[in-house]
Amino acid sequence: MSRYILKRGFSMLITLLGVSILVFLMVHLIPGDPVNYILGEFATEEAVNRLKANLGLDKPLPLQYLAFIGGLLKGDLGTSYITGLSVLEQIVQRFPVTFQLALYSLIIGSICGIVLGIVAAVKQNTIFDQLAMLVSLIGISAPGFWIALFLILIFSYHLPIFPISGYDGFYSLILPSITLGLGTTGNIARMTRSSMLEVIKQDYMRTAEAKGVNVIRLIKGHGLQNALIPVITLIGLQFGHLLAGAVVTETVFALPGIGSLAIQAIATRDMPTVQGLVLFMAFMFILVNLLIDVIYSMIDPRIKYD
């Protein structure tokens, strides 16, 4: 296992290097000049040149990239052009909100999705199956901003139970978590149903059923454990998507997470912040996948990585 983790750690570094090149090129080649945004359209040429020199933007792109990589090796993601704060400091301030939102969404999506998937598989081709798949289809296909506005209209405007926007602890994250968790529910429900249907058709399941094993015990003790491995894969991928995909939800609910920080950074051409955020999210995504691989071997001893 330790050799496998070392190999994955090395491939993680290669992936992050590729991501750093791509994001650096994307940020520097798209139209728009951050200096013009900061100084305004009436700035003198002398002021523009002076600020470019201060920010290092007057150097060739390869030198700018090497300076960026040199900072990364020292743990420095750069300094925001707009706020003047360290990018790492901004991420540390904002990440707890995004992490909580993604975690609560994953918990809601996993519990609802697994329950819906089991019901749909056990009651295949019945009204329960159709209702479960309808809910999962709505969760997958409905746009996040539409679900968010619908929930705000019902539970914040007509029934003033939850706050419309802003962050004020767990209570203010309930509606955003439901919004973000609905899509996860749909994906997990469909995967659980498919995996459970395969397990239910196995000989050992039919044998246990013929011996009169209770349905709940049969599903819990024999079916679910074997059907969970592909579901866990999906849950891990979903967590990465939730961390990176909270942009719309955080914007609609005005949450101070890294998704809304990314929107602000893109709008203001704050290149160091955009680069730092993309690299950080890529790192989190890869790390979550590595953790999922480790969890595999704990759930199913047949899986060996050495």
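Residues numbered from 1 in each chain as written. Predicted model: local features only at pLDDT ≥ 70, side-chain atom pairs only at ≥ 80, totals over all residues. Heavy atoms only, no water.

- As annotated in an unreviewed UniProt entry, the protein carries the name ABC transporter permease and is attributed to Anaerobacillus alkaliphilus.
- Within the UniProt record for the protein, the comment given under Subcellular location (unreviewed entry) is "Cell membrane".
- Per UniProt, the comment on the protein under Sequence similarities (unreviewed entry) is "Belongs to the binding-protein-dependent transport system permease family." (UniProt positions renumbered as here; feature names shortened; annotations may be inferred.)

**Describing the overall build of the protein**
Move 1: Looking only at helices and strands, the protein features 13 helices and zero strands.
Move 2: Ordered by position in the sequence, the α and β elements of the protein form the string α-α-α-α-α-α-α-α-α-α-α-α-α.
Move 3: Summarising its shape, the C-alpha atoms of the protein cover approximately 85 × 55 × 30 Å along the three principal directions.
Move 4: The proportion of buried residues among the 306 residues of the protein is 42%. (Helix = DSSP H or I, 4+ residues; strand = E, 2+ residues; numbered from the N terminus. Buried < 20%, exposed > 50% of the residue type's maximum accessible area, 1.4 Å probe, protein only.)

**Here's the deal with the pattern of salt bridges**
Move 1: This structure, assessed with the given rule, holds two salt bridges.
Move 2: Glu46 is paired through a salt bridge with Arg50; the nearest N and O atoms lie 3.7 Å apart. Here the residue Glu46 and the residue Arg50 both occupy positions in helix 3 (residues 45-55), the gap between them amounting to four residues, near one helical turn.
Move 3: Look at Arg50 and you get partly exposed, because its relative accessible area is 47%. (Salt bridge = Lys/Arg side-chain N within 4 Å of Asp/Glu carboxyl O.)

**Considerations on the nonpolar core**
Move 1: Ranked by size, the top nonpolar core spans 51 residues in total, and within it Ile91, Phe95, Met196, Leu243 and Phe280 carry the most contacts.
Move 2: Of the residues forming this core, the biggest block, twelve residues, is contributed by helix 10 (residues 215-244).
Move 3: Core analysis: the second largest hydrophobic core is formed by eleven residues, Met12, Phe68, Leu279 and Leu290 among them. (Core = buried A, V, L, I, M, F, W, Y, C linked by side-chain atoms within 4.5 Å.)

**Focus on the packing of helix 8 (residues 174-200) against helix 10**
Move 1: Between helix 8 and helix 10, the shortest axis-to-axis distance is 9 Å and the interhelical angle comes to 145°. Considering the relative orientation of helix 8 and helix 10, their crossing is right-handed. Side by side, helix 8 and helix 10 meet where Leu180, Thr184, Asn187, Ile188, Met191, Thr192, Ser195, Met196 and Val199 of the first sit next to Ile219, His222, Gly223, Leu224, Asn226, Ala227, Pro230, Val231, Leu234, Ile235, Gln238 and Leu242 of the second.
Move 2: Of the residues assigned to the contact of helix 8 with helix 10, the class counts are 13 nonpolar, eight polar and no charged. (Axes fitted to C-alpha atoms, helices over the stretch in contact; angles between N-to-C directions. Left-handed = near helix turned anticlockwise from the far one by under 90°. Contact = heavy atoms within 4.5 Å. Nonpolar A, V, L, I, M, F, W, Y, C, P; charged D, E, K, R; others polar.)

**Considering the UniProt feature "transmembrane region" (unreviewed entry) in the protein**
Move 1: Here, the residues flagged by UniProt with the feature "transmembrane region" (unreviewed entry) are residues 12-30, 101-122, 134-157, 169-189, 227-248 and 277-299.
Move 2: Each end of residues 101-122 is marked by a C-alpha atom, and these two atoms are 31 Å apart; helix forms 100% of the span and strand 0%.
Move 3: End C-alpha atoms of residues 134-157 are separated by 27 Å, and the span's content is 92% helix alongside 0% strand.

**Here we look at the environment of Phe150**
Move 1: Its location among the elements puts Phe150 in helix 7 (residues 144-158).
Move 2: The exposure class of Phe150 is partly exposed, given its relative accessible area of 43%.
Move 3: Distance from Phe150 to Tyr104, taken between C-alpha atoms, is 19 Å for residues 46 residues apart in sequence.

**Some thoughts on the environment of Ser156**
Move 1: The residue Ser156 is located in helix 7 in this model.
Move 2: Overall, the relative accessible area of 8% leaves Ser156 in the buried class.
Move 3: Taking the C-alpha atoms as reference points, Ser156 and Leu175, 19 residues apart in sequence, are found 9.2 Å from one another.
Move 4: Residues in contact with Ser156, not counting those within four places in the same chain, are Leu151, Phe162, Pro163, Ile164 and Leu175.

**Comments concerning the side chain of Arg193**
Move 1: Summarising the element assignment, Arg193 is placed in helix 8.
Move 2: With residues near it in sequence (within four places) discarded, Arg193 still touches Gly117, Ala120, Ala121, Gln124, Asp129 and Met133.

**A look at the domain arrangement of the protein**
Move 1: For the protein, the domain assignment lists domain 1 (1-74) and domain 2 (87-299).
Move 2: When domain 1 packs against domain 2, close to 1800 Å² is buried across both sides, 77% of that on carbon and sulfur atoms.
Move 3: For the pair domain 1 and domain 2, the interface holds zero salt bridges.
Move 4: Between the two partners, domain 1 and domain 2, sit one residue pair in polar contact (both at pLDDT 80 or more).
Move 5: Counting only elements with at least two residues in the side of domain 1 that touches domain 2, the list comes to helix 1 (2-29), helix 2 (34-39) and helix 4 (61-73).
Move 6: No other element matches helix 1, which puts twelve residues into the side of domain 1 that touches domain 2.
Move 7: Class assignment for the residues of the side of domain 1 that touches domain 2 results in 16 nonpolar, four polar and two charged. (Domains from an automatic or database assignment. Buried area = accessible area lost by both parts, 1.4 Å probe. Polar contact = N/O pair within 3.5 Å; in protein donor to acceptor, adjacent residues only side chain to side chain.)

**Some remarks on the packing of helix 5 (residues 87-122) against helix 8**
Move 1: Their axes nearest at 6 Å, the elements helix 5 and helix 8 cross at an angle of 35°. Crossing of helix 5 over helix 8 shows right-handed handedness.
Move 2: Across the contact of helix 5 with helix 8, the residue classes break down as 19 nonpolar, ten polar and one charged.

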